[in-house]
Amino acid sequence: RIERARARIQQRSAELARSNADLEQFAYVASHDLSEPLRKVTNFCQLLERQYADQLDDKARQYMAFMVDGAKRMQALINDLLDFSRVGRSTERFVPVDLTRPLARAVTNLDEPIAQAHADIEHGDLPTIPGDPTLLTALLQNLVGNAVKYRDPDRPLKICVSAEQQGDHIVLTVDDNGIGIDPKY
């Protein structure tokens, strides 16, 4: 029975490795296929701006800048998705990450909901830690996004991100004045 169980584990490990390789290949192809239309949007916006600069008013230039910025942010998200598809459980690829950077990216990615909620986001001194910038951005984006999503509509939303050294660990806290979570959860 032990040999059969070991053989099943090896078979499933091989299937998982194949599946992960397929997923990485799919993410690469998808990122390439999604990147091309974004490049076209960016290039045509820039071409319009160059060729018709004298005919565009400030509002039109601002709209063009919004489109180019949105396309660049979408490209960054696609690149992050590709990076995420390659992430394993290993810490070999960890790099020093100043937590203010993934927080800034998360806030930029959520700029519209944050503006609609009139949220005030503060942070203290955040450390540089070993990690994956994409995963840390996703983590902070989810936490800040949840604070925005589950806010108390009767008061201004305040979100505070802080970090505290506790022994060998850093405890990262995202605190808000929203509706809260039942302590048992």
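If you're wondering where the values come from, they're calculated on a predicted model, not measured in any experiment.

With respect to helix H1 (residues 2-51)
- When the terminal C-alpha atoms of H1 are compared, their 73 Å separation across 50 residues agrees well with the 74 Å that a helix rising 1.5 Å per residue should span.
- Along H1, the positions that sit buried rather than exposed are Ala-27, Ala-30, Ser-31, Ser-35, Leu-38, Thr-42 and Cys-45.

Details of the sheet that holds strand E5 (residues 169-176)
- The mixed open sheet is built from 3 strands, whose spatial order is E2-E4-E5. At either margin of the open sheet sits one strand with a lone partner, and together these are strand E2 (120-123) and E5. On average, adjacent strands in this sheet sit at an angle of 15 degrees to one another, irrespective of strand direction.
- By the bridge criterion, 8 bridges tie strand E4 (residues 158-166) to E5 in an arrangement that is antiparallel. By the bridge assignment for E5, Ser-162 is matched with Thr-173.

Details of the environment of Leu-110
- For Leu-110, the position within the fold is in the loop between helix H3 (100-109) and helix H4 (111-117).
- When the C-alpha positions of Leu-110 and Gln-141 are compared, they lie 7.3 Å apart, and in sequence the two are 31 residues distant.
- Beyond its immediate chain neighbours, meaning those up to four positions away, Leu-110 contacts Gln-141, Val-144 and Gly-145.

Regarding H3
- Within H3, burial applies to Pro-102, Leu-103 and Ala-106. Along the long axis of H3, the arc covered by the buried residues comes to 100 degrees, so they all point the same way.

Topic: unusual backbone geometry
- Positive phi is not limited to glycine here, since His-118 has a value of about 55 degrees.
- Structurally, His-118 is set in the loop between H4 and E2.
- Of the residues examined, His-118 reaches a relative accessible area of 65% and is grouped as exposed.

Topic: the packing of H3 against helix H5 (residues 133-149)
- At a minimum axis separation of 8 Å, H3 and H5 run at an interaxial angle of 50 degrees. Regarding the angle of H3 to H5, the classification is oblique. Viewed along their axes, H3 and H5 form a crossing whose handedness is right-handed. Two secondary-structure elements touch here, H3 through Pro-102, Leu-103, Arg-105, Ala-106 and Asn-109 and H5 through Pro-133, Leu-136, Thr-137, Leu-140, Gln-141 and Val-144.
- A per-class count over the contact of H3 with H5 returns 7 nonpolar, 3 polar and 1 charged.

A word on the pattern of salt bridges
- Tallied over the full model, the rule gives 7 salt bridges.
- Among the salt bridges present, the one from Arg-61 reaches Asp-58, with a minimum N-O distance of 3.2 Å. In this pair, Arg-61 and Asp-58 both sit in helix H2 (residues 58-86), 3 residues apart, roughly one turn of the helix.
- A residue is classified by how much of its surface remains accessible, and Arg-61, at 29% relative accessible area, is partly exposed.
- A salt bridge links Arg-73 to Asp-111; the shortest N-O distance between them is 3.5 Å. Linking Arg-73 in helix H2 with Asp-111 in helix H4, this pair joins segments that are 38 residues apart in sequence.
- One continuous salt-bridge network, built from bridges that share partners, spans Asp-69, Arg-73 and Asp-111.

What counts as what
Residues numbered from 1 in each chain as written. Predicted model: local features only at pLDDT ≥ 70, side-chain atom pairs only at ≥ 80, totals over all residues. Heavy atoms only, no water. Helix = DSSP H or I, 4+ residues; strand = E, 2+ residues; numbered from the N terminus. Expected span 1.5 Å × (residues − 1). Buried < 20%, exposed > 50% of the residue type's maximum accessible area, 1.4 Å probe, protein only. Pairing = 2+ DSSP bridges. Axes fitted to C-alpha atoms, helices over the stretch in contact; angles between N-to-C directions. Contact = heavy atoms within 4.5 Å. Arc of directions from axis to C-beta. Parallel < 35°, antiparallel > 145°, perpendicular 65-115°, else oblique. Left-handed = near helix turned anticlockwise from the far one by under 90°. Nonpolar A, V, L, I, M, F, W, Y, C, P; charged D, E, K, R; others polar. Salt bridge = Lys/Arg side-chain N within 4 Å of Asp/Glu carboxyl O.

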